[in-house]
Every structure is written in structure tokens, then in C-alpha cells.
Amino acid sequence: MSVRLGFIGTGDLGADHVRRCANIMAGATVSALYNRTQSRAEKVARQFAPQARVTATPEELIESPQVDAVVISSASQTHEELVLKAIQAGKYVFCEKPLATTAEGCERILKTESAIGKRLVQVGFMRVYDQGYLNLKSLVDQKAIGPLLMAHAAHRNPTAGPHYTREMLISETLIHDVNTFHWLLGESFTAAQVLYPRSTSKVDAALQDPQLVILETESGVLIDVEIFVNCQFGYDVQCAFIGESGEIRLPEPARATVRRNGQNHTPITMGCKERFETAYDRELQAFVDGVTAGKLTGPDSWAGYVASATADACIRAQKSGHREDIRLIPQPGLYQ
Ligand code: ISE
């Protein structure tokens, strides 16, 4: 049996998901596409899935009997409503991050999914499928460096469009690191603080780029994350844990080293699609495999909620300049 996927949002990442479904993945077909600008969906269909139907509305796609499961890569503000509609229609749904733009929005999804009584949602936190992060996690789980004390991380993009706002450094970018540490450590966060170093002169100073976010976990691990979305030099993700007896560091992506002209250099990736290409392939394949087996295994709505609740606290901290507490609702039984 092939899972018939309907894709809502065929922009940059959405179109890439359609491509991987059409060309790389096993057990899935592209059945329908929707995009706010219909001509864009038609173009993506022509390119990768000429057999797919382009629908006039996202509801038509969700309700179509030709669609078994939905992949949402539309704008973040649309996620909550679309996820709710999909799960209320009894469809599995893969939703790009954030699950919703606020913790309250995620809570509504938790409530609805819990009432249905079955996991139907996977959130697009692709790093949990990256081989380097998986190595890091296995060492953390083995307690290879003893009890963990702190972590240093960086999340850098070469440039962000003029649409990027100070809050988006948190809600669109840091949110990946929040989820990653939640998954790596298996614990949530208790407080957040945001510090502003001197801003880069490459963009409007109002953006406050870069920012330094400090997160505290339940067990007292202190994490600093540098978010820098106009760093110019590449797409660069760093992560290191310091424990009582050593350090564990995320490996660099495998790239050949070139010795030439008196230099020895290794290229840096320039975008998330290149850096996490295999992770994206694996996350969507895991979703399709989960739908086929009737049991999803990837990041769930609870992970989406923890990430959004933590991001909300970071945004409060951006505004207040203070350390902000993070309080979570009790974890519903479905996700335990
Ligand atoms: C961006 O906003 C994303 O959504 C990507 O998934 C992430 O890899 C990138 O670094 C973010 O800035």
C-alpha cells in the first residue's frame, strides 16, 4: 500500500518535500497539492508530480478521499488551524515547526488529539534524524562524560530576508535548538533569558542580530545558544556538552578537506536544506512508515508544545530584559 500524501504549502521547503516524496521516498505518492498562490502549486506539480491534483482550498485537500495524510509547510500562522482540521478529519499530519505560534495554540492541538485518543501529529523537527545529533544523543544517554553541567550551541544562517523580525529569531530559528535540547536531555526548561550583544551592521539594528539565549533545565544544566541569522559566512550549527569528565561535540558535516594554494580548508554548508538533507529525507520517511504502521514515532505534539512554550518565554525575556520562568501544563497521558 502506498500512502497518498497531500501537501499544503509548496514554497521552498514544501516543494522540496514534494520532490523527496516523488523521487526518493518509499511507500508514498504525491496525491494533492495546495498553495495560497495556486500557480506555484501547479508549477511544483508539473515539475514533480503531474498526476497530483491541485486543490482550490486547503480544506478540499484535507477532506479529499484521495489523501491519506497531510504534510503542512505553509506559513507558521496557518499551522494550528490546519493541523486541527486534519486531525478532526481523522488524517495523520506532518507539520513543519512551529506546531502553532503560541503555547496556547499547541494546547488546543494537545486537547483535540488527546480526545481522539491516538497520535496523529508529527512535528518537523528534523535534527532528531541527523546522524551527528544521533551520535551525540547516544553518548549523552550512555553518560559518556558523567553528569552534564552545561551546553554551548550556535545556530547561524548566512542571511535572513528583510521580513525577519526580532521575535522570529526565537519563534522560527531558536525553536529548533529548544527542541533539540529537550530531546537530547529528556527534560524540559525552567527559565530563559535573552542577552543582546552588539548588533551586526549588515542589517537594520532593530533586528538585534545576533542574540544570546540562556536556558535553564529542570536538572540545572545551563545552555547558551547564539542565534545569528545574518552571519554571512554559512549555515552553521554547533552544539557541545560539558560534563564532569569531558566534552561531547556535534561533528561537522562530512565534507572533503581541500589543500590548495597554501591553504587547507573544509567547505561550510550554506543552507538548512543542504546541511540537513538526509535528516529531512529520514523524517518524512519515518512519517510515512508511521502512517503505514498506524503508529507515529517522530517528534509529537507534546514536543511541539514544549518548544512553543519555551519560545514564548524567550520572547517575554526579549521584551523584559529579565530572566523569565517557564511553566508547562501537565503532560497528557497520550504522550507519556
Ligand atoms: C529557519 O527559520 C528554519 O525554519 C530552518 O528549519 C532552520 O534550519 C533555519 O536555521 C531557520 O533559521
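Details of the structure are given in the entry above.
An account of the accompanying structure is given in this report.

1. A short note on the overall build of the protein
And step 1. Within the protein one finds 10 helices and 15 strands.
And step 2. When the backbone C-alpha atoms are referred to their principal axes, the protein occupies close to 55 × 55 × 40 Å.
And step 3. A total of 336 residues make up the protein; the buried ones form 55% of that total.
And step 4. Sequence-distant contacts in the protein: of pairs separated by 6 or more residues, those separated by 24 or more amount to 72%.
And step 5. Accessible area for the protein stands at about 14900 Å²; split by element, carbon and sulfur atoms hold 51% of it.

2. Focus: the pairing of strand 12 (residues 246-249)
If a strand is regular, its side chains alternate between the two faces of the sheet.
And step 1. The sheet contact formed by strand 11 (residues 236-243) and strand 12 spans 4 bridges and is antiparallel. By the bridge assignment for strand 12, Gly 243 is matched with Gly 246.
And step 2. Count of turn residues in the strand 11/strand 12 antiparallel hairpin: 2 residues.

3. What to know about the environment of Asp 209
And step 1. Mapped onto the fold, Asp 209 is located in the loop between strand 8 (189-195) and strand 9 (211-217).
And step 2. Note on Asp 209: relative accessible area 1%, which makes it buried.
And step 3. Residues Asp 209 and Arg 166, 43 residues apart in the sequence, show an inter-C-alpha distance of 7.6 Å.
And step 4. For Asp 209, the side chain forms a polar contact with the main-chain nitrogen of Val 229, separated by 3.0 Å.

4. With respect to the pattern of salt bridges
And step 1. The final tally for this structure, using the stated rule, is 22 salt bridges.
And step 2. In this structure, the salt-bridge partner of Glu 324 is Arg 316, at a minimum N-O distance of 3.8 Å.
And step 3. Since its relative accessible area comes to 18%, Glu 324 is described here as buried.
And step 4. Between Arg 327 and Asp 325 there is a salt bridge; the shortest N-O distance is 3.4 Å.
And step 5. You can call Arg 327 exposed: its relative accessible area is 68%.
And step 6. Salt bridges here are not isolated pairs; linked through shared partners, they connect Asp 16, Arg 19, Arg 20 and Asp 281.

5. A word on unusual backbone geometry
And step 1. With an omega dihedral of -5 degrees, the bond running from Lys 97 to Pro 98 counts as a cis peptide bond.
And step 2. Tracing the chain through its elements places Pro 98 in the loop between strand 5 (92-96) and helix 5 (103-116).
And step 3. Phi at Gln 232 is positive, roughly 80 degrees, even though this residue is not glycine.
And step 4. When its relative accessible area of 38% is taken as the criterion, Gln 232 is described as partly exposed.
And step 5. Phi is positive for Asn 261, which is not a glycine, with a value near 50 degrees.

6. What about the sheet that holds strand 5?
And step 1. In space, the 6 strands of this open sheet follow the order 3-2-1-4-5-6, with parallel pairing throughout. Where the open sheet ends on each side, the last strands, each with one partner, are strand 3 (53-54) and strand 6 (121-124).
And step 2. As judged from the 4 bridges shared by strand 4 (residues 69-72) and strand 5, these two strands associate in the parallel manner. Paired with Val 70 across the two strands is Val 93, which belongs to strand 5.
And step 3. Against the sheet, helix 1 (residues 12-23) engages strand 1 (3-8), strand 2 (28-34), strand 4 and strand 5, with an angle of about 150 degrees to strand 2.

Thresholds applied
- Every chain is numbered independently, its residues counted from 1 as its sequence is written.
- This being a predicted model, a pLDDT of at least 70 is required before a residue's local features are given, and a value of 80 or more before pairs of side-chain atoms are given or counted; all residues contribute to the totals for chains, interfaces and linings.
- Hydrogens and water are ignored here; the side-chain numbers use all heavy atoms of the structure.
- Elements are defined by DSSP. Helices are runs of H or I of four residues or more, strands are runs of E of two residues or more, and each kind is numbered from the N terminus.
- Only protein chains enter the accessibility calculation, which uses a 1.4 Å probe; a residue whose area is less than 20% of its type maximum is buried, one above 50% is exposed, and one in between is partly exposed.
- The criterion used for residue contact is that any of the two residues' heavy atoms lie within 4.5 Å.
- Accessible areas in this description were obtained via Shrake-Rupley with a 1.4 Å probe; residue shielding takes into account the shown protein chains only.
- Each pair of strands is called paired provided DSSP finds at least two bridges between the two strands.
- Pairing of N or O atoms within 3.5 Å defines a polar contact, subject to two protein rules: one partner must be a possible hydrogen donor and the other a possible acceptor, and residues neighboring in sequence count only if both atoms are side-chain atoms.
- Salt bridges are identified by distance alone: a Lys or Arg side-chain nitrogen within 4 Å of an Asp or Glu carboxyl oxygen.
- With axes taken as lines fitted to C-alpha atoms, and helix axes fitted only over the stretch in contact, angles between N-to-C directions fall between 0 and 180 degrees.

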